[in-house]
Amino acid sequence: MAPEREENRAEMGIRLMKRLKMTIFVIVFLCALSSCGRAEDLENIQMDAEGSGAEISEENIREVSDEAEEASCEGESDAYHADAELEYLMGEYEYLSDSGTGKLAIEKTSYGYDISDYESESSYRFLADSSNIETIEDNRIYMKYPEQVSSDGRAVFGYYILEYGADEIKVYYGKSSFDEAEFLYLAAKKIEAAGDVYEYEGEYNSYDVNEPALEIKKNDDGTYRIQIDLFRLYMLRDGIGEETEKGLEFAATGPGGNVVNGVIKLEEDIAAVTIFGQEWLDFAGLSEYEFYKTSDVPNIREIENTSPEATADELLDSFINGRISAADSADLTSTFYITDFNMESEEWDAYSVGEKIDLDNDGENELIINGPYGGIYLDARDNRVYKFAASEGTALTLSYTYYNGAVWILYSNRSSAGFEFYHMEKYEGADNFVAEMNFGEEFVDFYNAEAGIKYTLNGAEISYEEYAALCSKIFAAEVSTG
């Protein structure tokens with residue numbers, strides 16, 4: 001019996017060693033997998049084994065191990081994607097804040113990434129890190145940031161969305177959720193200037209429209225070509241500048257063909273442009289502008305050499321296409337665009353583009369915008385479009401007529417029964433008023449129709465026959481633009 005007992009002891013020892021080995025294996029996996037959220041699966045397997053009295057097989061361990069490895073890989077993949085996106089976005093971004101120039105920065109640290117927003121050197125909007133990021137998807141970083149933390153540990157969160165593109169980030173903010181986030185600002189990435197890049201040269205965007213608006217290119221002789229596109233106002237196309245102790249001083253052709261002077265100063269990648277002179281200030285209402293650099297490569301537009309007639313037509317076409325505004329010649333700061341009108345609809349107050357007709361007898365066409373009560377007439381001169389004539393409701397309905405070999409602007413007032421009044425203006429150039437006529441008819445006694453009607457021409461009373469002949473001649477050639 002001794003040999004059998006020895007054999008039984010050996011088998012028990014082998015089984016105990018196997019169980020010990022499996023137990024150690026399970027403990028190691030339990031520790032390793034708990035961080036991946038898989039401890040529960042392993043615990044279930046262990047409980048099943050204990051409840052049934054069955055041994056934990058290596059096959060069970062491999063199954064759980066494979067699942068845990070797959071989950072771990074997915075987590076690592078998401079983390080890698082987030083890190084890759086943040087690494088791509090690393091750097092400083094600048095935007096225009098109420099305190100001057102704000103700075104949005106994304107920096108790599110030993111713990112991940114820091115994301116900070118300083119509205120000025122002394123105040124910040126948030127100082128966040130990777131732990132505040134909820135997710136990154138569709139070129140958007142969703143960030144939940146504790147803006148206030150009470151003594152008991154409760155926090156009031158702000159919800160930020162950082163939408164990133166090529167060298168820019170749009171920041172949105174919501175007080176209670178990401179769905180309520182509204183646009184805050186657009187920040188442009190600071191570009192490190194290369195050694196062979198000239199300081200001023202490049203393309204700059206306007207803070208107002210976030211589109212290219214300032215182009216500066218260095219010429220071979222050391223001067224600079226400068227183009228400044230002031231959105232919906234004016235474009236300085238032919239600026240020439242030279243570096244001085246004051247900055248990049250330049251001269252360009254301004255409104256009316258007069259020369260305007262200015263200076264460009266750089267503060268890192270922010271270009272501050274000042275245009276001098278009371279004439280420019282009267283024209284634009286503003287003399288200082290700021291732009292931010294987006295490229296070291298300028299996109300200078302070549303200037304077309306056109307005749308005065310072509311320039312007038314080009315300006316009118318540019319207004320039609322919405323590229324430039326028109327101004328009230330009596331108030332140059334009052335401007336409007338074709339998009340300000342209700343165009344091409346079926347409503348009674350709709351406007352539409354009409355003909356180009358020489359309305360001021362100068363050999364160049366004006367543009368008619370057909371509309372309620374006669375619409376509006378536009379003239380192009382001095383590199384700009386101006387309002388030439390406009391209706392003012394039923395009291396001044398606008399049209400034009402041909403009289404004594406010339407075009408006259410005609411204003412009609414038929415707003416009251418028993419009263420008609422007409423005013424005509426003749427021009428030789430839109431800014432050269434040369435003649436006018438006033439005529440009409442009204443009751444002698446407004447409260448007594450039987451008292452008869454009187455007819456007048458330029459303040460003098462005329463007979464009905466004279467009035468009828470005049471009206472017949474004028475209204476036969478009238479062209480309505482309503």
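Residues numbered from 1 in each chain as written. Predicted model: local features only at pLDDT ≥ 70, side-chain atom pairs only at ≥ 80, totals over all residues. Heavy atoms only, no water.

(A) Spatial organisation of the overall build of the protein. When its secondary structure is counted, the protein shows six helices and 30 strands. Classification of the 482 residues of the protein by burial places 36% in the buried group. Long-range contacts, defined as pairs at least 24 residues apart, comprise 37% of the intrachain contacts of the protein with a sequence gap of at least 6. Accessible area for the protein stands at about 27,700 Å²; split by element, carbon and sulfur atoms hold 47% of it. (Helix = DSSP H or I, 4+ residues; strand = E, 2+ residues; numbered from the N terminus. Buried < 20%, exposed > 50% of the residue type's maximum accessible area, 1.4 Å probe, protein only. Contact = heavy atoms within 4.5 Å. Areas by Shrake-Rupley, 256 points an atom, 1.4 Å probe, with all protein chains shown as cover.)

(B) The arrangement of the environment of Asn-365 in detail. Examined against the element boundaries, Asn-365 turns out to sit in the loop between strand E20 (352-357) and strand E21 (366-370). Here the alpha-carbon distance between Asn-365 and Leu-378, two residues 13 residues apart in the chain, equals 9.3 Å. With sequence-adjacent residues up to four places away left out, Asn-365 is seen in contact with Leu-316, Lys-356, Ile-357 and Asp-358. A polar contact of 3.3 Å, which involves the side chain of Asn-365, links it to the backbone nitrogen of Asp-358. (Polar contact = N/O pair within 3.5 Å; in protein donor to acceptor, adjacent residues only side chain to side chain.)

(C) Geometry of helix H6 (residues 464-476). In this model, H6 (13 residues) spans 18 Å end to end at C-alpha, consistent with the 18 Å of a helix rising 1.5 Å per residue. Of all the residues in H6, the buried ones are Tyr-467, Leu-470, Cys-471 and Ile-474. Each buried residue of H6 sits inside an arc of 100 degrees when the element is viewed along its axis, so together they form one side. Opposite its buried face, H6 presents the exposed residues Glu-465 and Ala-476, each directed more than 90 degrees away. On the buried face of H6, the contacting elements are strand E24 (397-403), strand E25 (406-416), strand E26 (419-427), strand E27 (433-445), strand E28 (448-457) and strand E29 (460-462). (Expected span 1.5 Å × (residues − 1). Arc of directions from axis to C-beta.)

(D) Expanded view of the environment of Glu-441. Position of Glu-441 among the secondary structure elements: in strand E27. Sequence separation between Glu-441 and Tyr-455 is 14 residues, and the spatial gap between their C-alpha atoms is 4.6 Å.

(E) Molecular detail of the side chain of Asn-132. Structurally, the position occupied by Asn-132 is in the loop between strand E4 (124-129) and strand E5 (133-137). Since its relative accessible area comes to 12%, Asn-132 is described here as buried. When residues no more than four places from it in sequence are discounted, the contact partners of Asn-132 are Tyr-142, Met-143, Lys-144, Tyr-145 and Pro-146.

(F) Broad picture of unusual backbone geometry. With phi around 55 degrees, Asn-210 is a residue other than glycine that occupies positive phi space. With respect to the helices, strands and loops of the structure, Asn-210 is situated in the loop between strand E10 (202-206) and strand E11 (212-218). Residues other than glycine seldom take positive phi values, yet Glu-268 does so here, at roughly 60 degrees. The residue Glu-268 is located in the loop between strand E15 (259-267) and strand E16 (270-275) in this model.

(G) Quick peek at a negative patch on the surface. There is a patch of like negative charges on the surface, built from Glu-199, Asp-220, Asp-221, Glu-242 and Glu-243. By secondary structure assignment, the location of Glu-242 is in strand E13 (residues 234-244). (Patch = residues over 30% accessible without salt bridge, like charges linked within 9 Å, V, L, I, M, F, W, Y side chains within 5 Å. Salt bridge = Lys/Arg side-chain N within 4 Å of Asp/Glu carboxyl O. Lys, Arg positive; Asp, Glu negative; His and termini not counted. Charge placed at Lys NZ, Arg CZ, Asp CG, Glu CD.)

(H) Highlighting the packing of aromatic side chains. Scanning all chains against the criterion turns up 28 aromatic pairs. Arranged with centres 6.0 Å apart and planes meeting at 75 degrees, the rings of Tyr-400 and Tyr-402 form a pair that is edge-to-face. Its relative accessible area of 42% is what places Tyr-402 among the partly exposed residues. Grouping aromatic residues by their ring pairs yields a cluster made of Tyr-422, Phe-439, Tyr-455, Tyr-464, Tyr-467 and Phe-475. Lying across the ring of Tyr-172, Arg-140 places its NZ or CZ 5.5 Å from the centre. Here Lys-144 stacks its cationic end above the ring of Phe-157, 4.5 Å away from the centre of that ring. (Phe/Tyr/Trp six-rings, centres within 6.5 Å; stacked < 30°, edge-to-face > 60°. Lys NZ or Arg CZ within 6 Å of the ring centre and 35° of its normal.)

(I) The nonpolar core, seen in detail. Counting residues in each nonpolar core, the largest one holds 25 residues, and the members touching the most others are Leu-214, Ile-264 and Trp-280. For this core, the elements supplying multiple residues, two or more each, are E11, strand E12 (224-230), E13, strand E14 (247-253), E15, E16, helix H4 (278-284) and strand E17 (288-295). If one sorts the elements of this core by residue count, E12 sits on top with four residues. For Ile-264, the contacting residues outside a window of four places in its chain are Tyr-200, Leu-214, Ile-216, Ile-226, Gly-247, Leu-248, Phe-250, Ala-271, Ala-272 and Val-273. Judged by nonpolar contacts, the second largest core, of 23 residues, contains Ile-136, Met-143, Tyr-164 and Ala-187. (Core = buried A, V, L, I, M, F, W, Y, C linked by side-chain atoms within 4.5 Å.)

(J) Summary view of the confidence of the model for the protein. In the predicted model, the protein carries a mean pLDDT of 80, and the fraction of residues at 70 or more is 79%. Every residue in residues 1-14 scores below 50 in pLDDT, and together they form zero contacts with partners more than four places removed in sequence or on other chains. Counting contacts from residues 71-75, a segment whose pLDDT is below 50, to residues more than four positions away or on other chains yields two contacts. (pLDDT = per-residue confidence, 0-100.)

(K) Structural view of the sheet that holds E29. Spatial ordering of the open sheet is given by E29-E28-E27-E26-E25-E24-E30, a layout of seven strands whose pairing is antiparallel. Strands with a single pairing partner mark the edges of an open sheet, and in this sheet they are E29 and strand E30 (479-480). Relative to E30, E24 is paired through two bridges, and the arrangement is antiparallel. Each residue of the ladder has a partner; that of Ser-399, found in E30, is Ser-480. In the packing of H6 onto the sheet, contacts are made with E24, E25, E26, E27, E28 and E29, and the angle to E27 comes to roughly 130 degrees. (Pairing = 2+ DSSP bridges. Axes fitted to C-alpha atoms, helices over the stretch in contact; angles between N-to-C directions.)

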